[in-house]
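# Tertiary structure, described
Here is how the chains run, residue by residue.
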Amino acid sequence: LDTDKDLMWIAREGLKAPLPESWKPCKTIDTEEIYYFNFANGESTWDHPCDQYYRSLYDEEKRRRTSYHNSQQNAATIQKEKDDVRHIVSSQLELNRPKAGNPRQVMT
């Protein structure tokens, strides 16, 4: 739950979401449990009619965040690899640089 604190707004919005037009909360006769009934088409559900929308929104935001996080990690890895290559090349150039007073002979 701590890892998803930045997505709590979705849960809050979902809990406050009004029912779509034609939907009304109803109670069962025997257990008085709440269900939702659409008086326009006769559909009923135990879940709030907007729950699936908010579940999908959560999944999409989580994917987007994960994708962003992975791209940031990939960018950092690529930068580290570039830095490592620069360091290796620089070290090789330093090793191959002629020392003062000891010029290399060029083969012709």
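Let me sum up the structure you'll find in this document. (Residues numbered from 1 in each chain as written. Predicted model: local features only at pLDDT ≥ 70, side-chain atom pairs only at ≥ 80, totals over all residues. Heavy atoms only, no water.)

## Topic: the pairing of strand E1 (residues 23–27)
To keep it simple, the criterion reads: At least two DSSP bridges between two strands are needed for those strands to be called paired. Going along the chain from the N terminus, every DSSP run of H or I of four or more residues is numbered as a helix, and every run of E of two or more is numbered as a strand.
Taken together, the five bridges between E1 and strand E2 (residues 34–38) define a ladder with antiparallel strand orientation. Of the residues in E2, the one forming a bridge with Lys 24 is Phe 37. If you look at the hairpin formed by E1 and E2, you'll find six residues sitting between the two strands, and Glu 32 has a positive phi there, around 60°.

## Section: the pattern of salt bridges
Should the charged atoms of two oppositely charged side chains come close, the side chains can pair. Counted only if it meets this: Salt bridges are defined by distance alone: a side-chain nitrogen of Lys or Arg within 4 Å of a carboxyl oxygen of Asp or Glu. Under the scheme applied here, a residue whose accessible area is under 20% of the maximum for its type counts as buried, over 50% as exposed, and between as partly exposed, the area being computed with a 1.4 Å probe on protein chains only.
Throughout the structure, instances matching the rule amount to eight salt bridges. Between Arg 55 and Asp 47 there is a salt bridge; the shortest N-O distance is 3.8 Å. In this structure Asp 47 comes out as partly exposed when scored by relative accessible area, which is 39%. As a salt-bridge pair, Asp 51 and Arg 55 come within 4.0 Å of each other at their nearest N and O atoms. Separated by four residues within a single helix, Asp 51 and Arg 55 lie in helix H2 (residues 51–96), roughly one turn from each other.

## Here's the deal with the nonpolar core
Our working definition: Each nonpolar core is a collection of buried residues, namely Ala, Val, Leu, Ile, Met, Phe, Trp, Tyr and Cys, held together in the definition by side-chain atoms within 4.5 Å. Contact between two residues is taken to exist if any of their heavy atoms lie within 4.5 Å; hydrogens are not considered.
With six residues, the main nonpolar core is built from Leu 7, Ile 10, Ala 17, Cys 50, Tyr 54 and Leu 57. Once residues within four sequence positions are removed from consideration, Ile 10 is found in contact with Tyr 54, Leu 57, Tyr 58 and Glu 61.

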